[in-house]
Amino acid sequence: MENLVYRHQKEYYRAIEASTAANDTPAFVSFMLKSIREALLELDSTPEVTPEVTPEVKRLLMVLVGEMSKQDLLAKLELRDEKNFREKFLRPALASGCIKRTVPDKPNSRLQKYRLSSKGTNLLKTMPASRKP
């Protein structure tokens, strides 16, 4: 839960402010319930069997540390072609649920960064060291 609150700090503080202003708790309770649901869905979506992902997605997972922008990832992967990166690395990683956006409601935000999801973290743990890209 702490990680979810941290990831959604702005929403958290907005919910507290709204509850304080209204002298009532529905905004804060709603935020917390949404966060609990998200945490449960993350736990529930972790597969028992690790699905195969493309070598490009594996490379992306290996270089993704903390929260990184598209430009950071391009540099780490030593890529220059943004279209290739988007189509072969980023979109498949997002579609597979291995990474998440830090600003999910605004996919094209200039502040957008990416981070490993619990699924991506678990996948990295299961990859043998000799097979890591």
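Everything here concerns the structure above.
Note that this is a predicted model, so its numbers are computed, not measured. (Residues numbered from 1 in each chain as written. Predicted model: local features only at pLDDT ≥ 70, side-chain atom pairs only at ≥ 80, totals over all residues. Heavy atoms only, no water.)

### What to know about the nonpolar core
Point 1. Core analysis: the largest hydrophobic core is formed by 20 residues, its most contacted members being L60, L61, L73, L77, F85 and I99.
Point 2. The set of elements that each furnish at least two residues to this core consists of α4 (55-63), α5 (70-77), α6 (82-96) and α7 (118-126).
Point 3. Here F85 is in contact with L60, K70, L73, L74, L77, L79 and L90, once residues within four sequence places are set aside. (Core = buried A, V, L, I, M, F, W, Y, C linked by side-chain atoms within 4.5 Å. Buried < 20%, exposed > 50% of the residue type's maximum accessible area, 1.4 Å probe, protein only. Helix = DSSP H or I, 4+ residues; strand = E, 2+ residues; numbered from the N terminus. Contact = heavy atoms within 4.5 Å.)

### Section: the packing of α4 against α5
Point 1. At a closest axis distance of 10 Å, the pairing of α4 and α5 adopts a crossing angle of 105°. Taken together, α4 and α5 sit at an angle that is classed as roughly perpendicular. Taking contact as the criterion, the partners of R59, L60 and V63 in α4 are, on α5, L73, K76 and L77. (Axes fitted to C-alpha atoms, helices over the stretch in contact; angles between N-to-C directions. Parallel < 35°, antiparallel > 145°, perpendicular 65-115°, else oblique.)

### Concerning the pattern of salt bridges
Point 1. If you walk through the whole model with that rule in mind, you get three salt bridges.
Point 2. R7 is paired through a salt bridge with E38; the nearest N and O atoms lie 3.8 Å apart. Taken together, the residues R7 in helix α1 (residues 2-7) and E38 in helix α3 (residues 26-44) connect sequence positions 31 residues apart. (Salt bridge = Lys/Arg side-chain N within 4 Å of Asp/Glu carboxyl O.)

### Here we look at the side chain of S19
Point 1. By the element assignment, S19 lies in helix α2 (residues 9-22).
Point 2. Overall, S19 belongs to the buried group, its relative accessible area being 10%.
Point 3. A polar contact of 3.0 Å, which involves the side chain of S19, links it to the backbone nitrogen of F28.
Point 4. Other than its neighbours up to four places away in sequence, S19 contacts D24, T25, P26, A27 and F28. (Polar contact = N/O pair within 3.5 Å; in protein donor to acceptor, adjacent residues only side chain to side chain.)

### Thoughts on the side chain of R115
Point 1. Turning to its location among the elements, R115 is positioned in strand β2 (residues 114-116).
Point 2. E67 provides the closest opposite charge to the buried, unpaired R115, separated from it by 4.7 Å.
Point 3. Residues in contact with R115, not counting those within four places in the same chain, are R7, L64, G66, E67, C98, I99, K100, R101 and T102. (Lys, Arg positive; Asp, Glu negative; His and termini not counted.)

### Here we look at α7
Point 1. When we look at burial in α7, the residues that qualify are K119, G120, L123 and L124. Looking straight down α7, one finds its buried side chains confined to an arc of 135°; they lie on one side.
Point 2. Buried positions along α7 lie against α4, α6 and β2. (Arc of directions from axis to C-beta.)

### Some details on a nonpolar patch on the surface
Point 1. On the surface, V29, L33, I36, L40 and L43 cluster together into a nonpolar patch covering about 490 Å² of accessible area.
Point 2. Within the secondary structure, L43 sits in helix α3.
Point 3. Since its relative accessible area comes to 66%, L43 is described here as exposed. (Patch = residues over 30% accessible without salt bridge, like charges linked within 9 Å, V, L, I, M, F, W, Y side chains within 5 Å. Areas by Shrake-Rupley, 256 points an atom, 1.4 Å probe, with all protein chains shown as cover.)

### Quick notes on the packing of aromatic side chains
Point 1. Throughout the structure, instances matching the rule amount to four aromatic pairs.
Point 2. Ring geometry for Y12 and Y13: centres 5.2 Å apart, planes at 70°, overall edge-to-face.
Point 3. Take Y12: its relative accessible area is 21%, and that puts it in the partly exposed class.
Point 4. Consider the rings of F85 and F89, whose centres lie 6.0 Å apart with planes at 25°: the pair is stacked. (Phe/Tyr/Trp six-rings, centres within 6.5 Å; stacked < 30°, edge-to-face > 60°.)

### Side note on the packing of α5 against α6
Point 1. At a minimum axis distance of 11 Å, the contact between α5 and α6 shows a crossing angle of 90°. Between α5 and α6, the interaxial angle falls into the category roughly perpendicular. Contact residues: α5 offers K70, Q71, L73, L74 and L77, while α6 offers E82, F85 and F89.
Point 2. For the contact of α5 with α6, the per-class residue count stands at five nonpolar, one polar and two charged. (Nonpolar A, V, L, I, M, F, W, Y, C, P; charged D, E, K, R; others polar.)

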